[in-house]
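# Inside the fold
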Amino acid sequence: MIKEKLSNVKHKIGIYSAKGGVGKTTVSVNLAYTLSAMGYKVGILDADIDCPNLSFFLGISERMDTSKFPLIPLVKDGIKVASTSMLVDDMKKPIIWRGAIITKMLLDFFQNTDWGDLDYLIVDLPPGTSDAPLTIMQLLTLDGFVLVTTPQKIAAANAFRSGAMAKRLNIYLIGVVENRSHGTESEYTRGLIHDLGTRLLGSIKESAEFDRLSDLGIVPVTREKAISDEYIAVAKYLVGD
Ligand SMILES: Nc1ncnc2c1ncn2[C@@H]1O[C@H](COP(=O)(O)OP(=O)(O)OP(=O)(O)O)[C@@H](O)[C@H]1O
Ligand SMILES: [Mg+2]
């Protein structure tokens, strides 16, 4: 059923790192907007059900219509978006679910959401290397994933574990994005790329604009040319331009 619901999606790309807070959601959203500006039909699936942040980054407070099936993603700026946070009434309540329930919930959500025609579905994955990200990678049969890291040694070490884990599931590693970059990629990011036998898709510099604009629900690539240029470079690599 999931295959059927995603049958008109040409490419499903995961954005992943086991380490929390490195910028998975930021990269998902800004990359999706960049691909959309390049003319592709794009969707974003928030697959982080513990802390579903997509609505926050997009400034969305609407809910998906749960009275009809299949569920239809919301549309923001021409991009289809769906998150479990768009199904629940009170986002302030903590979401505490055990593994089996998480799997059931994700399965239900994926099986019942109809994405229609898309060139790219960007899947914002949760951190960790256990139940939730593993289940999602397997259920969605991703075409590949982008690994997000930051310049620090600890980020590269955790990114290596993430990359190795996903590769073990035979999910293609498209490449690495160094986020919160100081400019040229760090020696640890270079080591990570070498050890995983992959490539650097691009670097996104540290910028206070990310917090400022995201807190307002504004997607930074739509306002800041310097940030937009960095994301265009990553997107071009992704689409093979
Ligand atoms: N290049 C950047 N420069 C400055 N701040 C950034 C940059 N990228 C992301 N941030 C900020 O870092 C914080 C964490 O980003 P984000 O939520 O995207 O990380 P995440 O990996 O999705 O986290 P989680 O693991 O909790 O899902 C946010 O406040 C975001 O605005
Ligand atoms: Mg996130």
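Keep in mind that this is a model prediction, so the values were computed, not measured.

## What to know about helix H7 (residues 187-196)
Where H7 is concerned, the buried positions are Tyr188, Thr189, Leu192, Ile193 and Leu196. Down the axis of H7, the smallest arc covering the buried residues is 140°, so these residues share one side. Looking at H7, the residues exposed on the side facing more than 90 degrees away from the buried face are Glu187 and His194. Tucked into the core, H7 has its buried residues touching strand E6 (144-149), helix H6 (153-168), strand E7 (173-181) and strand E8 (200-205).

## Observations regarding the nonpolar core
Within soluble globular proteins, side chains that are nonpolar tend to cluster in buried spots. Membership of the largest hydrophobic core comes to 63 residues, with the highest contact counts inside it found for Ala32, Ile122, Val123, Phe145 and Val146. In terms of residue count, helix H2 (residues 24-37) provides more of this core than any other element does, 6 residues in total. Beyond its immediate sequence surroundings of up to four residues, Val146 is in contact with Ile13, Ile15, Ile174, Gly175, Val177 and Leu201.

## So, helix H9 (residues 225-239)
An α-helical turn contains 3.6 residues, so a residue and the one three or four places further along point in the same direction. Relative to the 21 Å expected for 15 residues at 1.5 Å per residue, H9 spans 20 Å between its end C-alpha atoms, a close match to the ideal helical length. Of all the positions in H9, only Ile227, Glu230, Tyr231, Val234, Ala235 and Leu238 are classed as buried. When H9 is viewed along its axis, its buried side chains cluster within an angular range of 135° and face the same direction. Of the residues in H9, the exposed ones pointing more than 90 degrees away from the buried face are Lys225, Ala226, Asp229 and Val239. Those residues of H9 hidden inside the fold are in contact with H2, E7, E8 and helix H8 (208-215).

## A closer look at the pairing of E7
Of all the 9 residues making up E7, 8 are buried; the element is thus mostly covered by neighbouring parts of the structure. Bridge count between E6 and E7: 5 bridges; the pairing is parallel. When the bridges of E7 are listed, Val148 appears paired with Val177. In the sheet, E7 pairs with E8 via 5 bridges, with the strands oriented parallel. Directly across from Asn179, in E8, lies its bridge partner Ile204. Considered for its hand, the β-α-β crossover made up of E7, H7 and E8 is right-handed.

## Regarding the site of ligand 1
The environment of ligand 1 is formed by 19 residues, the closest being Gly20, Lys24, Thr25, Thr26 and Phe210. At the level of secondary structure, the elements contributing two or more residues to the shell around ligand 1 comprise H2, E7 and H8. Partitioned by chemical class, the residues of the shell around ligand 1 number 5 nonpolar, 9 polar and 5 charged.

## A look at the sheet that holds E8
With respect to topology, 8 strands assemble into an open sheet ordered E3-E4-E2-E5-E1-E6-E7-E8, the strand pairing being mixed. Edge strands, defined here as strands with exactly one partner in the open sheet, are strand E3 (74-76) and E8. The sheet shows a mean angle of 25° between the axes of neighbouring strands, direction not considered. Across the sheet, H7 lies against E6, E7 and E8, angled at about 170° from E7, the strand it touches most. Contacts between H9 and the sheet are confined to E7 and E8, with E8 contributing the most and set at about 165° to the helix.

## Regarding the packing of H2 against H9
Relative orientation of the contacting elements H2 and H9 amounts to 75°, with a least axis distance of 9 Å. Classed by the angle they form, the pair H2 and H9 counts as roughly perpendicular. Between H2, through Asn30, Leu31, Thr34 and Leu35, and H9, the contact on the second element is made entirely by Tyr231, Ile232, Val234 and Ala235. Class assignment of the residues belonging to the contact of H2 with H9 gives a composition of 6 nonpolar, 2 polar and no charged.

## What about unusual backbone geometry?
With omega at 0°, the peptide bond leading from Phe69 into Pro70 counts as cis. Considering the arrangement of structural elements, one finds Pro70 in the loop between helix H3 (54-58) and E3. Even without glycine at this site, Thr141 takes up a positive phi of about 40°. With respect to the helices, strands and loops of the structure, Thr141 is situated in the loop between helix H5 (131-140) and E6. A tally of 11 C-beta atoms within 10 Å means that Thr141 is categorised as exposed. A positive phi is found at Asn170, a non-glycine position, where the angle reads about 65°. Relative to the helices and strands, Asn170 resides in the loop between H6 and E7. When the 8 C-beta atoms within 10 Å are taken as the criterion, Asn170 is described as exposed.

Reading the values: the criteria
Residues numbered from 1 in each chain as written. Chains lettered and ligands numbered in written order. Predicted model: local features only at pLDDT ≥ 70, side-chain atom pairs only at ≥ 80, totals over all residues. Buried ≥ 20, exposed ≤ 12 C-beta atoms within 10 Å, placed from the backbone. Helix = DSSP H or I, 4+ residues; strand = E, 2+ residues; numbered from the N terminus. Arc of directions from axis to C-beta. Contact = placed C-beta atoms within 7 Å. Core = buried A, V, L, I, M, F, W, Y, C linked by C-beta atoms within 7 Å. Expected span 1.5 Å × (residues − 1). Pairing = 2+ DSSP bridges. Right-handed = clockwise from strand over helix to strand, strands pointing away. Near = placed C-beta within 6 Å. Nonpolar A, V, L, I, M, F, W, Y, C, P; charged D, E, K, R; others polar. Axes fitted to C-alpha atoms, helices over the stretch in contact; angles between N-to-C directions. Parallel < 35°, antiparallel > 145°, perpendicular 65-115°, else oblique.

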